[in-house]
Amino acid sequence: MNYDQALDGDHGTLAIAGDLDIYAAAELKERLVALCAEVRTLQLDLSATGLIDTAGLQVLLAAKRHLAAEGGALTITAASETCASVFTLLNAFADNDREVA
Amino acid sequence: MAGFDLRETFRIECGELLVAIESGLLRLEEDPADHEALHGLFRAVHTLKGAAGLSGFGAIERVAHVAENLLEQVRSGGGTLSAAQVTTLLAARDHWEQLAALDDEPPPELAAEGEALLSDLGAANAVADTTPTGAGGGAGAAGRWRIGFRPNPDVLQHGLDPLPFVRHLGAIGDIVDVQLRDEALPALADMEPETCYLGFEVTLEGELTREAIESVFEFVADDCELTIEPPAEAAQRKTAGAPAASGRKPATALSAAAASMRVDARKLDLMVNHVGELVTTTANIGQHSNRLDDEGLRQAVTVLTRLVEEVRDQTMSLRMIPIGESWERFRRVVRDVCLETGKEVSLRIQGADTEVDKSVVERIGDPLMHIVRNALDHGIEPPDDREGLGKPRAGTLTLNAYHDSGNIVIEVSDDGRGLSRERIRARAEDKGLIAPGQALADHELLNLVFQPGFSTAAKVTKLSGRGVGMDVVKRAIEALRGTVELESVEGQGSTVRIRLPLTLAIIDGFLVGLAGERYVVPLDLVQECIELDRNGQRTAAKRNYIDLRGEYLPYLSMRRLFGTPGEGVDYENIVIVGHGEQKLGLGVDELFGEVQAVVKRLGHTFQDAPGISGATILGDGTVALILDIPALIQEQERLAEEE
């Protein structure tokens with residue numbers, strides 16, 4: 001799992017390379033908890049993300065809800081084909097404009 | 001849980017799973033459309049992944065995870081595994097086997113192998129053939145089904161990801177809509193990353209049955225709440241808001257799992273030992289009760305004896321397993337030998353359900369492997385040779401098992417080139433095993449291949465002929481109180497027939513006496529008993545045989561064999577024992593009748609004592625030695641030859 005993170009005031013971007021699965025979920029959660037404490041809007045780049053499973057997905061959903069409750073937003077700006085197919089199947093993050101990598 | 005070794009438990013389970021994985025892969029190689037095999041394979045890999053993760057075998061878990069993904073894709077896409085994928089998965093299976101044996105972190109070369117497998121499986125993943133073969137039809141209700149899928153919170157910890165099940169619905173119908181139910185999702189900071197909080201509401205369109213939908217969730221049935229609403233109800237619910245019909249999967253899978261349980265083999269051994277003592281003690285009580293001559297006591301002892309015998313039989317049956325389970329590995333051997341040598345061989349397995357004691361199965365594995373390899377390597381000809389001989393290009397190797405009067409018989413047959421009598425004779429003469437031109441019966445000649453140092457293979461190959469000969473096989477089988485014999489027709493093939501006792505722990509014996517000592521002859525070998533007067537004894541001793549109703553019967557006096565001093569008895573009792581084709585008249589002083597003998601191994605000092613295979617404790621507490629009949633038959637032949 002590789003994270004590439006950038007902060008610009010209360011706006012952050014995070015690119016995730018690797019699998020967003022149960023093995024990565026704990027680390028992803030800690031990172032998102034830390035990030036969400038600092039930013040109001042977060043853009044995720046999942047173009048280099050491989051697999052995504054329920055464990056990974058629900059962390060992203062929880063982060064999105066957390067930011068939305070604070071008046072911010074989590075958007076997915078790019079997703080790998082694998083991730084995009086999961087999001088499409090589940091109608092998750094459907095309100096985002098994103099490009100399919 | 002004191003004394004509960006997680007890693008050891010995993011190794012046992014892993015061994016079984018690897019067998020299932022291997023046979024699943026080989027079945028799929030034969031018939032890629034075998035859905036049941038794909039199903040079983042997926043389940044085995046999935047279970048392996050979960051078990052490996054729980055027991056700290058991370059390296060196994062990682063590769064299994066990717067393998068599972070590949071299988072899941074193939075499964076949900078309704079496609080098939082390619083030959084290359086099967087080969088990669090077989091390599092992964094071997095990799096897991098090596099990893100499971102380790103106590104420490106894998107050495108670098110294994111770790112590198114793991115990385116290679118990860119990338120191979122990943123690549124295979126990307127090109128998985130997902131050509132749908134068409135969803136199963138059948139009479140079902142067409143329209144929009146509503147499926148509520150609520151995985152239990154601990155589903156992830158059980159190694160299951162709910163997502164693929166949702167996706168798999170797409171293979172049986174058209175997914176119209178999926179609603180994520182995330183009401184249970186806590187605040188980000190409060191989340192347990194390995195707890196599942198999500199649920200799914202799926203609208204699925206198609207001509208479907210409840211069973212078809214339930215089967216999609218088969219693996220997760222115990223880990224979820226599933227509600228299925230057929231089209232009419234679903235439509236009605238939209239208008240009237242009727243309560244959802246609950247459609248939890250029937251508990252068939254669960255009850256099948258609950259119907260059997262895993263028991264430590266050591267506990268069984270301990271139990272068999274205790275039951276053995278119980279049998280002995282009961283016999284002891286029986287003897288005392290006979291002496292006391294109390295009718296009530298005698299009746300009670302009769303009932304007790306019957307009950308103890310039932311307990312004994314049931315205990316022994318606990319240790320009985322179908323022999324076929326250990327044969328699955330031969331599929332792999334056949335496959336690998338074919339790849340290596342270019343031969344074409346199909347393996348036929350018959351009588352796989354034949355049950356035999358677990359310890360027999362374990363100890364016959366290596367000798368059988370040797371025989372199978374011999375048949376593959378030396379028996380079955382290359383395809384072109386076979387075609388030239390007018391045989392089908394593909395040879396057939398048959399493994400067969402059946403019960404025969406207290407024994408299990410295992411046959412390994414091939415339709416290959418058979419054994420050349422001339423070459424056996426030449427070889428045996430060359431090795432000095434027989435004198436040049438010595439007259440031998442056909443089966444004697446054939447069975448020379450079991451002599452130490454004998455090997456007819458003209459060339460030493462990687463597979464067999466590495467100095468381990470059929471003599472080792474024969475000794476291993478004899479150590480199990482079994483026999484092995486060979487039949488062969490030149491040009492048509494060979495059959496190796498192994499005869500083994502069903503269990504090694506208890507035998508029904510026939511108690512005989514010699515000069516005050518008692519000995520046990522395995523009862524299933526006893527054919528009849530006759531008497532021999534002093535005159536007959538002298539003649540028999542001189543000729544080493546008895547004329548039994550005009551037939552030749554080899555004779556061996558135990559008195560002579562054991563060098564017992566004394567005059568002997570006026571009427572010597574001859575116990576006629578038969579073992580396979582061979583017979584022997586065994587001269588003893590007295591006959592006592594049937595006895596149940598719990599076999600105890602002799603200590604280190606006496607384990608090589610000729611003619612004795614073990615000992616048992618009799619009802620009165622004295623020790624009786626168990627006679628090793630095959631060894632005595634050989635001894636008689638040797639003595640007769642010397643004179």
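From a predicted model like this one, the values you see are computed outputs, not experimental measurements.

## Concerning the overall build of chain A
Along chain A, the regular secondary structure elements total 3 helices and 6 strands. The N-to-C order of helical and strand elements in chain A reads β-β-α-β-β-α-β-α-β. Across the 101 residues of chain A, 48% fall into the buried class. Residue pairs at least 24 apart in sequence account for 64% of intrachain contacts in chain A once pairs closer than 6 positions are excluded. Surface accessibility of chain A: about 4,300 Å² in total, with carbon and sulfur atoms responsible for 47%.

## Observations concerning the side chain of D34 of chain B
Residues and elements named next belong to chain B. Its location among the elements puts D34 in the loop between α1 (6-30) and α2 (35-54). Relative accessible area serves as the criterion here: at 17%, D34 is assigned to the buried category. Only 3.0 Å separates the side chain of D34 from the backbone nitrogen of A37, close enough to count as a polar contact. When residues no more than four places from it in sequence are discounted, the contact partners of D34 are R27 and L28.

## Quick notes on the confidence of the model for chain B
Residues and elements named next belong to chain B. Averaged over every residue, the pLDDT of chain B is 82; residues scoring 70 or more account for 89%. Across residues 127-139 the pLDDT falls below 50, and counting only partners more than four positions away or on other chains, this stretch makes 21 contacts in the model. In the predicted assembly, ipTM is 0.91 and pTM is 0.50.

## Some thoughts on the sheet that holds strand β1 (residues 144-151) of chain B
Residue and element names in this part refer to chain B. If you walk across this open sheet you meet the 4 strands as β2-β3-β1-β4, and the pairing is antiparallel. Here the strands that pair on one side only, and so sit at the sheet edges, are β2 (174-181) and β4 (224-229). Sheet twist, expressed as the mean angle between neighbouring strand axes with direction ignored, is 15°. Where β1 meets strand β3 (residues 199-205), 6 bridges bridge the pair, whose relative direction is antiparallel. Within β3, the position partnered with R146 by the bridge is T203. Sheet strands in contact with helix α6 (residues 162-172) are β1, β2 and β3, and its direction is about 5° off that of β3.

## Examining the pattern of salt bridges
Going through the model one piece at a time under the given rule, you end up with 47 salt bridges over all chains. Residue K29 of chain A pairs with E30 of chain A through a salt bridge whose shortest N-O separation is 3.8 Å. Measuring nitrogen to oxygen at the nearest pair gives 2.7 Å for the salt bridge that ties E411 of chain B to R497 of chain B. Remark: R497 of chain B occurs in strand β11 (residues 493-501) and E411 of chain B occurs in strand β9 (residues 407-414); sequence separation between them is 86 residues. For the residue pair E411 of chain B and R497 of chain B, the accessibility class agrees, reading buried in each case. When salt bridges that share partners are traced, they join E22, E29, R93, D94, E97, R332, R335 and D336 of chain B into one network.

## Here's the deal with the nonpolar core
Judged by nonpolar contacts, the single largest core of 102 residues is most densely connected at L46, L60, F87 and L90 of chain A together with W96, F200 and F217 of chain B. If one sorts the elements of this core by residue count, α2 of chain B sits on top with 9 residues. Residues V334, L397, I477 and L504 of chain B belong to the second largest nonpolar core, which totals 48 residues.

## Observations regarding the side chain of R312 of chain B
All names here are of chain B. The residue R312 is located in helix α11 (residues 295-318) in this model. Look at R312 and you get buried, because its relative accessible area is 11%. Of note is the side chain of R312, whose polar atom sits 2.9 Å from the side chain of D313.

## Brief notes about empty space enclosed by the protein
Unfilled space is identified by rolling a water-sized probe across the atoms. Residue and element names in this part refer to chain B. Evaluated as defined, the whole model comprises 1 cavity of 30 Å³ or more. In this structure, the largest cavity occupies an estimated 40 Å³ of space. Taken together, G276, E277, T280, V598, K600, T616 and I617 form the lining of the largest cavity. Secondary structure elements with two or more residues in the lining of the largest cavity: α10 (265-292) and β20 (612-617). Looking at the lining of the largest cavity element by element, the count peaks at 3 residues for α10. In terms of residue class, the lining of the largest cavity is built from 2 nonpolar, 3 polar and 2 charged.

## Comments concerning the pairing of strand β1 (residues 2-8) of chain A
Two strands pair when backbone bridges link them, and β1 of chain A and strand β2 (residues 11-20) of chain A are joined in this way by 7 bridges, in the antiparallel orientation. In the strand pairing of β2 of chain A, N2 of chain A is matched with A17 of chain A.

## Considerations on the packing of aromatic side chains
Residue and element names in this part refer to chain B. Enumeration according to the criterion identifies 9 aromatic pairs over all chains in this entry. Ring geometry for F42 versus F219: centroids 5.1 Å apart, planes at 50°, classification tilted. Pair noted here: F42 is in helix α2 and F219 is in the loop between α7 (210-216) and β4, with a separation of 177 residues, a long-range link. Neither F42 nor F219 differs from the other in exposure class; each is buried. What links up through ring pairs into an aromatic cluster is the set F149, F165, F200 and F217. When the ring centre of F57 is taken as reference, the NZ or CZ atom of R7 above it lies at 4.1 Å. The ring of F592 carries the charged tip of R518 above its face, separated from the ring centre by 5.7 Å.

What counts, and at which threshold
Just so you know, the residues in each chain are numbered from 1, in the order the chain's sequence is written. By the order in which they are written, chains take letters starting at A while ligands take numbers starting at 1. Selection of residues for local features in this predicted model requires a pLDDT of at least 70, selection of side-chain atom pairs for listing and counting requires 80 or more, and totals for whole chains, interfaces and linings are taken over all residues. Heavy atoms from the whole structure form the basis of all side-chain values; hydrogens and water molecules are not counted. In DSSP terms, a helix is any run of H or I states spanning at least four residues, a strand is any run of E spanning at least two, and both are numbered starting from the N terminus. Each residue is placed in one exposure class: buried if its accessible area under a 1.4 Å probe, protein chains only, is under 20% of its type's maximum, exposed if it is over 50%, and partly exposed if it falls in between. Should any heavy atoms of two residues lie within 4.5 Å, those residues are considered in contact. Each accessible area value is a Shrake-Rupley result obtained with a 1.4 Å probe; residue values ignore everything except the protein chains displayed when judging cover. Each polar contact in these results corresponds to two N or O atoms within 3.5 Å; when the atoms are within protein, one needs to be able to donate a hydrogen and the other to accept it, and residues that are neighboring in sequence are counted only if both atoms are side-chain atoms. Predictor confidence is given residue by residue as pLDDT, running from a minimum of 0 to a maximum of 100. When DSSP finds at least two bridges between two strands, those strands are taken to pair. Axis definition: a line fitted to C-alpha atoms, limited for helices to the stretch in contact. Angles are taken between N-to-C directions and run from 0 to 180 degrees. Whenever a carboxyl oxygen of Asp or Glu lies within 4 Å of a side-chain nitrogen of Lys or Arg, that contact is scored as a salt bridge. Residues belong to a common nonpolar core when they are buried Ala, Val, Leu, Ile, Met, Phe, Trp, Tyr or Cys residues joined through side-chain atoms within 4.5 Å. Any residue with an atom within 4 Å of a point lines the site, the site being either a cavity, points on a 1 Å grid over the protein atoms alone where a 1.4 Å probe fits but cannot get out, or a pocket, an open set with protein on both sides within 12 Å along at least 5 of 7 lines. Grid points are joined across faces, edges and corners, and a volume is the space filled by probe spheres set on the points. Each residue receives one of three labels: charged for Asp, Glu, Lys and Arg, nonpolar for Ala, Val, Leu, Ile, Met, Phe, Trp, Tyr, Cys and Pro, and polar for the others, Gly being one of them. Under the pairing criterion, centres of Phe, Tyr and Trp rings, with the six-membered ring standing for Trp, must be within 6.5 Å; the plane angle then separates stacked pairs below 30 degrees from edge-to-face pairs above 60, leaving the rest tilted. Here, over-ring charges are defined by two tests on the NZ atom of lysine or the CZ atom of arginine: distance to the ring centre within 6 Å, and angle to the ring normal within 35 degrees.

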